[in-house]
There are 2 protein chains.
Amino acid sequence: MAQIGLKAHPSVPEDYLLIDYELETNLDPKLTLASLCSEQSTAQWVRPGKQEDLRGKFGAKCVAYEVSGESNKPLYAWPWVAGNKFIRLKARIAHPLINFGPHIPNLLSAVAGEGAFYCPGVTCLRITNLHFPSSFLKLFEGPQFGLSGIREKLKVFDRPIFVGVVKPNIGLDSQDFSDTAYASFLGGLDIAKDDEMLANPPASSFEERIKKSALAARKAERITGKNKMYLANITDEIDEMMGLVQKATLLGADMVMVNAFFTGMSGLRHVRRHCKLPIMSHFTGMALYDRVLFFGMDGVVTTKLQRLLGADIIGLPGFGERMQTTDEQVLKNMEACLESMGNIKPSLPIPGGSDWAGTLPKLFEKIGHTDFGFIAGRGVFNHPDGPEGGAKSLNEAWEAISQKISLEKYAETHPALGKALKMFG
Amino acid sequence: MAQIGLKAHPSVPEDYLLIDYELETNLDPKLTLASLCSEQSTAQWVRPGKQEDLRGKFGAKCVAYEVSGESNKPLYAWPWVAGNKFIRLKARIAHPLINFGPHIPNLLSAVAGEGAFYCPGVTCLRITNLHFPSSFLKLFEGPQFGLSGIREKLKVFDRPIFVGVVKPNIGLDSQDFSDTAYASFLGGLDIAKDDEMLANPPASSFEERIKKSALAARKAERITGKNKMYLANITDEIDEMMGLVQKATLLGADMVMVNAFFTGMSGLRHVRRHCKLPIMSHFTGMALYDRVLFFGMDGVVTTKLQRLLGADIIGLPGFGERMQTTDEQVLKNMEACLESMGNIKPSLPIPGGSDWAGTLPKLFEKIGHTDFGFIAGRGVFNHPDGPEGGAKSLNEAWEAISQKISLEKYAETHPALGKALKMFG
């Protein structure tokens, strides 16, 4: 176990998963890393009285680590932690694939379960990355359509995809809901979607909403001559989701959404295996994994998992104070959607949260390319001219950016943008 | 919205779920609580130009709150948080059930999703309890057997249930595995179980392991005249789990285990709906939800959910430093398994982590009753006399406790206990 730097893009041995951890210990670093390997694999490797050592074949191994800091105080003063010397480490552990195979609940039980988070001497732990060998990636479906498939469906190739979350998010009847979606399509949304809180609740008729909203998309296509997609949230109990997928498909929805953190990531894979429509995975619940910066599971990991398990679109906490995520982290999560990943197609990232026309220039500047979805809720649906004006304001903002004109200037001749600036600015 | 104390056991209005939060804000408390209600329900409650207010029927409402502290520093110095006045609150929010119905992924998307964890002004948030109205509870299956059903199957009524996790946990072939389980049954285990990391990996033949271990349980029953249960871990991708349940059932397993935090809680419900065997739910992954004390979801909440969704046995992080959980919290989680919950049967709690014969007296003293499972891994399977001696040492420890004799004294005439004290003490 040599103390060496961790390469950002390591070559991965074919029979191993590489897991990157950031951790803190109040014990000897090497001893702690040995415990971490042991606890997540062959905690007891020999039967009493036997001559055997199961670690060779089944043991996880630390392949690289570096000391990244030291303090006399822990990162967090857990009531059960004592000591006056706390060492921070980055470690890369190679875990034999035969211990779990291409089964994510089992993979996570090994690398993010009791062995990792209840490991002696580990006072804080965060899983920061997973690196898969290419043969392992081939055992996963990945996105069916992915970024390029979504672009192909929409015939939008040279700009961000404009997405709106129909608002009021809950409480509208199906006619009002679909009328609202329709107006937003007319104004220039590519995708109008159900809120993550709206799926098949007692308060809303799923069938009616889907049927009418899909018809609204088709009608808007005829009027505008542009392709439109209505996204139906089919998040539900596992036993109900396939019924909703079938209904959504039959009733003409163009895409479905899964709140994968609450159905379980495996619920996303379940939908991927049985659904012919593109799938969006929403970040609701992600904070439980990634918010606390010294703990849990980094957004890069959860994003890679959603992509691996088949999300064509991955909704992510976006830029801005409200989303409680640093710009750097948003960009890393987006990169995890887009970077090369063997046979697994890139997903379309949608960094979201309180965006509207006025936030598009800075957001585009931060991202530096057009491979993202730009999503708004109130920024479209609470526009003074209603959703049509709201959607229009997004498109006008993009026109201004394309023509390198300031929004304020462009707004002088484009009233939808002008009203957005006045209302939300 | 009155500032009043939160009763521990509130009466719950029939059409609402009550959610208890502990939170911190750098804004006005009442404004922040209004945001929290709004963001988790009717964030935009009116369409532009319409006379409507959807909050009456669909809005979440704060029914009680109290200020529990104030500081000039936040509980955690998030890079995005500013301010010099941070107020801590306890709040109880009533959320209309019609917004999600008896669908846990949707319920969590509302009360633990974007609305809760990305709420303006909320710098820290922890969901500390859920209170369900009785009519809502009736829409859930709950445990099929529960605590009393497990006791009935084992014919063990007057002591803790003795459970062992077969070790070495991974890497044994099916014959060695079942021989090991068999020896532990002979020594006095009631339940021998697969490790949470051992389900159906490439490295182990699920069928062979289950078949031989179930036969070992039957053989041990004939020899000892006592009932035994072999628990098969069927954690897998959603699409694979029912196949494993069927195999486990056909091959004679007595119980199955689901790592519900990684299959998704809904995966547990899925198994509950289609499985005739008792189900254990394991805590692996729970730390992501409950470890950080100012954030996430309390163990009481995750435990109640597992019980609601059908876990007959709930594995929990137990006592002792390694499990990084306070004694108070362990007891609260256990109470959530056992307390009255309408039509939902009590589950058997198993607080686990590095226990062995010598930890039983203190553990029993802390718990104060016998309705729990006492679980050991190395404490049984790394005993100098092997698993038979290890299991025997647990039973001898219990005999000593029952007879109010110290373990040391009892060990003088009971060598299995004596060797355990020497080895693990």
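These figures come from a predicted structure and were not determined experimentally. Throughout this document, residue positions are counted from 1 along each chain, in the order its sequence is written. Chain letters start at A and ligand numbers start at 1, both assigned in the order the entries are written. Only residues with pLDDT of at least 70 are given local features in this predicted model, and only at 80 or more are side-chain atom pairs given and counted; all residues enter the totals for whole chains, interfaces and linings. Side-chain figures throughout are based on the complete set of non-hydrogen atoms in the structure, without hydrogens or water.

Draft legend 1. Looking closely at the interface of chain B and chain A. It only takes one pair of heavy atoms within 4.5 Å for two residues to be counted as in contact. The partner chain A presents 99 residues to the 99 residues of chain B that form the contact. In total, about 8,600 Å² of surface goes out of reach between chain B and chain A, with carbon and sulfur atoms giving 56% of it. Interface area lost by chain B to chain A is led by Trp-80, Tyr-118 and Leu-288 of chain B, which between them contribute 10%. One side-chain nitrogen of Lys or Arg within 4 Å of one carboxyl oxygen of Asp or Glu is enough to make a salt bridge. Counting every contact that joins chain B to chain A gives 14 salt bridges. For Arg-273 of chain B, the salt bridge is made with Asp-239 of chain A, and the minimal N-O distance between the two is 3.5 Å. Accessible area that two parts lose when put together, evaluated with a 1.4 Å probe and summed over both, is termed the buried area.

Draft legend 2. Layout of the packing of aromatic side chains. Only Phe, Tyr and Trp rings take part, Trp by its six-membered ring, and two of them pair if their centres are within 6.5 Å. Stacked means planes under 30 degrees apart, edge-to-face means over 60, and tilted covers everything else. Summed over all chains, the structure comprises 30 aromatic pairs over all chains. With centroids separated by 5.3 Å and ring planes inclined at 80°, the aromatic side chains of Phe-283 of chain A and Tyr-118 of chain B adopt a geometry described as edge-to-face. Here Phe-283 of chain A, found in the loop between strand S9 (279–281) and helix H12 (287–290), pairs with Tyr-118 of chain B, found in the loop between helix H4 (114–117) and strand S4 (122–131), and the two come from separate chains. In terms of burial, Phe-283 of chain A and Tyr-118 of chain B fall into one category: buried. Where Trp-356 of chain B meets Phe-424 of chain B, the ring centres are 5.7 Å apart and the plane angle is 50°; that geometry is what we call tilted. Within this pair, whereas Trp-356 of chain B is found in the loop between strand S12 (348–352) and helix H15 (360–367), its partner Phe-424 of chain B is found in helix H19 (residues 415–424), the two being separated by 68 residues in sequence. Clustering of aromatic rings is evident, with ring pairs tying together Tyr-76, Trp-78, Trp-80, Phe-117, Phe-294 and Phe-295 of chain A together with Tyr-76, Trp-78, Trp-80, Phe-117, Phe-294 and Phe-295 of chain B. Above the plane of the ring of Tyr-118 of chain B lies Arg-291 of chain A, whose end atom (NZ or CZ) is 4.7 Å from the centre. Two conditions define a charge located above a ring, namely a distance within 6 Å from the ring centre to NZ of Lys or CZ of Arg, and an angle within 35 degrees of the ring normal. Stacked on the ring of Tyr-182 of chain B, the Lys or Arg Lys-219 of chain B has its end atom at 4.8 Å from the ring centre. By definition, any uninterrupted DSSP run of H or I lasting at least four residues is a helix, any uninterrupted run of E lasting at least two residues is a strand, and each is numbered from the N terminus. When accessible area is computed with a 1.4 Å probe and restricted to protein chains, residues below 20% of their type maximum are described as buried, those above 50% as exposed, and intermediate ones as partly exposed.

Draft legend 3. Broad picture of the domain arrangement of chain A. All names here are of chain A. What counts as a domain boundary in this text is fixed by an automatic or database domain assignment. Under the domain assignment, chain A is made up of domain 1 (16–137) and domain 2 (146–424). Spacing between the C-alpha centres of domain 1 and domain 2 amounts to 36 Å. Contact residues are listed per partner, giving 20 residues for domain 1 and 22 residues for domain 2. Buried area between domain 1 and domain 2, both sides added, is near 1,800 Å², and the carbon and sulfur share of it is 67%.

Draft legend 4. Spotlight on the packing of helix H9 (residues 238–250) of chain A against helix H11 (residues 265–274) of chain A. Residues and elements named next belong to chain A. One way to put it is that H9 packs onto H11 with a least axis distance of 11 Å and a crossing angle of 30°. In terms of axis orientation, H9 runs roughly parallel to H11. Seen from above, H9 lies across H11 with right-handed handedness. Facing H9, whose interface residues are Ile-238, Met-241, Met-242 and Val-245, H11 presents Gly-267, His-270, Val-271 and His-274. Here an axis means a line fitted to C-alpha atoms, over the contact stretch when the element is a helix, while the angle between two N-to-C directions is reported on a 0 to 180 degree scale. Angular relationships are summarised with four words: roughly parallel below 35 degrees, roughly antiparallel beyond 145, roughly perpendicular across 65 to 115, and oblique for the angles in between. If you view the pair so one helix is near and one far, a crossing is left-handed when the near helix is turned anticlockwise from the far one by less than a right angle, and right-handed when it is turned clockwise.

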